[in-house]
Amino acid sequence: MKSTLIKDTTKEERIALIREWIPDDDGLEDDGGIDLWEMYDPYIRGEKEIAEINMEFNAGFYEEQDMQQAPGCGQGNSRR
């Protein structure tokens, strides 16, 4: 498999790679989720690697999930 690193690809190759990953033309999730074209735009422009974008997305997801499960956030963990 060819490297997907910015230094090893052209902008056109990065666009083609993202196009392979996105199942439809707009990149939007059926349930109104995020725009994948927008999410991976920094990679296409050569600003961030795919791994960086994915880590940032995962970190944001886990932070939000953790906040929803934290004690005292309306999850039934009242102190007595």
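Residues numbered from 1 in each chain as written. Predicted model: local features only at pLDDT ≥ 70, side-chain atom pairs only at ≥ 80, totals over all residues. Heavy atoms only, no water.

(A) Structural detail: the overall build of the protein chain. On a plain count of helices and strands, the protein chain comes out with 4 helices and 0 strands. Mapped from its N terminus to its C terminus, the protein chain presents α and β elements in the order α-α-α-α. Each of the 80 residues in the protein chain was classed as buried or not, and the buried ones make up 19%. Pairs at least 24 residues apart make up 35% of the contacts formed inside the protein chain by residues separated by at least 6 positions. When the accessible surface of the protein chain is summed, it comes to about 6400 Å², and 50% of that surface belongs to carbon and sulfur atoms. (Helix = DSSP H or I, 4+ residues; strand = E, 2+ residues; numbered from the N terminus. Buried < 20%, exposed > 50% of the residue type's maximum accessible area, 1.4 Å probe, protein only. Contact = heavy atoms within 4.5 Å. Areas by Shrake-Rupley, 256 points an atom, 1.4 Å probe, with all protein chains shown as cover.)

(B) Inspection of the side chain of arginine 14 at higher detail. By the secondary structure assignment, arginine 14 is in helix α1 (residues 11-21). One buried charged residue, arginine 14, forms no salt bridge at all, with the nearest opposite charge on glutamate 13 at 6.6 Å. Separated by 3.0 Å, the side chain of arginine 14 and the backbone oxygen of tyrosine 43 make a polar contact. Beyond its immediate chain neighbours, meaning those up to four positions away, arginine 14 contacts Ile6, Thr9, Tyr43, Ile44, Arg45 and Gly46. (Lys, Arg positive; Asp, Glu negative; His and termini not counted. Salt bridge = Lys/Arg side-chain N within 4 Å of Asp/Glu carboxyl O. Polar contact = N/O pair within 3.5 Å; in protein donor to acceptor, adjacent residues only side chain to side chain.)

(C) Region of the structure containing the packing of aromatic side chains. On inspection of all chains with the given rule, the structure shows 1 aromatic pair. Look at tryptophan 21 and tyrosine 40: their rings are 6.1 Å apart centre to centre, the planes differ by 70 degrees, and that puts the pair in the edge-to-face class. Residue tryptophan 21 is located in helix α1, and its partner tyrosine 40 is located in the loop between α2 (36-39) and α3 (41-44); the two are separated by 19 residues in the primary sequence. The class for tryptophan 21 is partly exposed, based on a relative accessible area of 42%. Note that arginine 14 overlies the ring of tyrosine 43, its terminal NZ or CZ placed 6.0 Å from the centroid. (Phe/Tyr/Trp six-rings, centres within 6.5 Å; stacked < 30°, edge-to-face > 60°. Lys NZ or Arg CZ within 6 Å of the ring centre and 35° of its normal.)

(D) Seen up close, the nonpolar core. Formed by Ile6, Leu17, Ile18, Ile22, Leu36, Met39, Tyr40, Tyr43, Ile44, Ile50 and Ile53, the largest nonpolar core amounts to 11 residues. Residues contacting isoleucine 50, with those up to four places away along its chain left out, are Thr4, Leu17, Trp21, Tyr40 and Tyr43. (Core = buried A, V, L, I, M, F, W, Y, C linked by side-chain atoms within 4.5 Å.)

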